[in-house]
Amino acid sequence: MIYKNENIRNIAIIAHVDHGKTTLVDSMFMQAGIYRERETVQERVMDSMDLERERGITISAKNCAINWKGIKINIIDTPGHADFGGEVERGMFMADGAIILVDAAEGPLPQTRFVLTKAMAAGLELIIVVNKVDRPDARPHEVLNEIYDLLIDLGGDEALFDCPVFFANGREGFAGKDPDNIEKNLHSLLDTIVEKVPAPEYESEDKFQMLVSDLSYSDYLGRLVIGKVINGKVQAGEPLVRVDRNGKAKPLRVTKLQSYEGLKLVEHNLIEAGDIAVLAGIEEVEIGDTICSKENPEALPRIEVDEPTVSMTFYKNDSPLAGKDGKFVQGTKIKQRLEKETMTNVSIQIEADPNGDGIIVKGRGEFQMAIIVETMRREGYELAVGRPHIIFKKNEDGKKTEPIEHLVIDCDESYSGIVMEKLSKRKALMTSMDYGANGRVKIEFDLPSRALIGYRDEFLTDTRGTGIMSSYLKGYEEYKGEFPDRSNGSLIADRAGDAVAYALFNLEPRGKMFVKPGDPIYEGMIVGEHNRENDLCVNACKMKKLSNMRASGKDDAVILTPPVPITLEKAIQFIKEDELVEVTPKAIRMRKRYLSENERKIEAKTSKSE
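The structure contained in this document is the topic of the report that follows.

Conventions used here
- Residues numbered from 1 in each chain as written.
- Predicted model: local features only at pLDDT ≥ 70, side-chain atom pairs only at ≥ 80, totals over all residues.
- Heavy atoms only, no water.
- Axes fitted to C-alpha atoms, helices over the stretch in contact; angles between N-to-C directions.
- Helix = DSSP H or I, 4+ residues; strand = E, 2+ residues; numbered from the N terminus.
- Parallel < 35°, antiparallel > 145°, perpendicular 65-115°, else oblique.
- Left-handed = near helix turned anticlockwise from the far one by under 90°.
- Contact = heavy atoms within 4.5 Å.
- Nonpolar A, V, L, I, M, F, W, Y, C, P; charged D, E, K, R; others polar.
- Buried < 20%, exposed > 50% of the residue type's maximum accessible area, 1.4 Å probe, protein only.
- Lys, Arg positive; Asp, Glu negative; His and termini not counted.
- Salt bridge = Lys/Arg side-chain N within 4 Å of Asp/Glu carboxyl O.
- Polar contact = N/O pair within 3.5 Å; in protein donor to acceptor, adjacent residues only side chain to side chain.
- Core = buried A, V, L, I, M, F, W, Y, C linked by side-chain atoms within 4.5 Å.

Some details on the packing of helix α9 (residues 416–425) against helix α10 (residues 455–462)
Working step 1: One can describe the packing of α9 onto α10 by two numbers: an axis separation of 10 Å at closest approach and a directional angle of 155°. What the angle tells us is that α9 and α10 run roughly antiparallel. In this structure, α9 crosses over α10, and the sense of that crossing is right-handed. Note on element contacts: α10 touches α9 through Tyr455, Glu458, Phe459 and Asp462, opposite Ile418, Val419, Lys422 and Leu423.
Working step 2: In terms of residue class, the contact of α9 with α10 is made up of five nonpolar, no polar and three charged.

Here it is as structure tokens:
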């Protein structure tokens, strides 16, 4: 028999990056009475991580809840970037409906397609919200038609075209069904969530089952296990078992039972089916495990996520400057931290490097890898990472295949030529090209995922920072062949010391510099980008020779070009196969894998002979 918990609604909010998910949740909180009158409220309150607030994106899925007219609405705020697709996929397991949010000016973008595909695959009830209708370039009716086109393209049935549609200004907390006459609140949207999103269903009132969809940690309670109660109910202190990926049941006892009210966790003695529960006191657990009653230890289907497409090798930092900044520098500490990451991030896999003492980390994209490295850096870790590699596969015929991205470029028409020229060299196939009324052009390509590694910065330079690019994984196709990678070589320091203004000034004709006077450097460190294809060893510590002869005039003043600022993403995209990025809490440097020039020559000869 099928039962329903009519007191609860579970809904995920899904969108492309920066289309306004988190600000819409802020307004929902305000109008549902989560905040007290005159309470100081932080913007984008769901972006709790420092990295999320700095970058203005959602990185990890988060839970919260509001109460609307006596109905509890559990909200899952999901990331909009395909690199964090694992967060979207596990969030869908807790939801019964989804708000698909689309910018009224930009329309559906590649990540919109990605998250909508996941929502449709999960069979969620959809509510369409065309957001940011207050933008001067908003085109709400056209965008709605583009959403319908996307639904058709994704194979949606006719029922999806009858789903509720709202036009909103999420920041102000306005929403309505007519873009020209929007209500000054979100009441109609919240009413529709209660009315249209189905109440969670369950089969048994007695047999407790909960699917672990997320893990967190409390300094007071230890590990927190988060998931939707699929069947039955659970009481605090009740003896339970955990069924792992091998089907083995291990006994456990929950020390505290909680659920969400707003952003806070509130303790309960009983949680019923359909609600999202937070269990404390369970130490050994993985995402995808089933927590169930001791009498009926039956596992639920595990959370399945898309396979990784990119790998990157993490090493212990062994540069001459190692150990000066970080708290955690040992290889075992780095391995333990990465193992901890796999427990909370379902899309990450790790394995030992068969060719050395590194750890291979597999994930969805280079941006996801950069976020992991940046998080570790801020936690006090020192490490070195290699260039990202695409994970190839073999098809049924034994042929090599590779992941293919669908790339969407939006740039000024005057830059379209250089963009198409650069991408054609990277095996890109143009699939469509649309000219807009504002002098901009939208171009779509299919190209190998490896073609995008290192291209983003080049694209921003070519379009003078005005271009927008986004992509999603289309699937695997036969290997497209080799294409030219980075065209310029590196300027490599040939000795240790501190960078000197006189030396850097004389090196400027050779290329772009990455260091400034006074920066510590060492042999094998990359101090700049060479103007030519080959690498060049240089002396960045060279002082001006002094003599006892007076010059007829005063010495020329040394005026240096400011160095190119190196961010973690830029460094990861810049390095070649034989180079590493050295990451410490205070610095990001690039270096050769083998620091000595003699070692590099020996390695080059060895690799050629092989």
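A short note on the packing of helix α7 (residues 331–344) against helix α8 (residues 366–378)
Packed helices, taken two at a time, are described by the angle between their axes plus the distance between the axes.
Working step 1: Interaxial distance between α7 and α8 falls to 12 Å at its minimum, and their mutual angle equals 125°. What the angle tells us is that α7 and α8 run oblique. Judged by the sense of rotation from one axis to the other, the crossing of α7 with α8 is right-handed. Where α7 approaches α8, its residues Ile334, Arg337, Leu338 and Glu341 are matched on the opposing element by Ile372, Thr375 and Met376.
Working step 2: Considered class by class, the residues forming the contact of α7 with α8 number four nonpolar, one polar and two charged.

Considering the side chain of Asp244
Working step 1: Here Asp244 lies in the loop between β13 (239–243) and β14 (249–253).
Working step 2: Put simply, Asp244 is tucked away with no salt bridge, and the nearest opposite charge, on Lys250, sits 4.0 Å away.
Working step 3: Within polar-contact distance, the side chain of Asp244 engages the backbone nitrogen of Asn246 at 3.0 Å.
Working step 4: Reaching out from Asp244, the side chain makes a polar contact with the backbone nitrogen of Lys248 at a distance of 2.9 Å.
Working step 5: Apart from the residues lying within four places of it in its own chain, the contact partners of Asp244 are Lys250, Asp289 and Arg302.

Let's talk about the nonpolar core
Working step 1: Core analysis: the largest hydrophobic core is formed by 39 residues, its most contacted members being Ile14, Leu126 and Ile128.
Working step 2: When residues in this core are grouped by element, the largest group, six residues, is from helix α5 (residues 140–153).
Working step 3: When sequence neighbours within four positions are dropped, the list of residues in contact with Ile14 reads Lys21, Thr78, Met92, Ala98, Ile99, Ile100, Leu101, Val115, Leu116 and Ala119.

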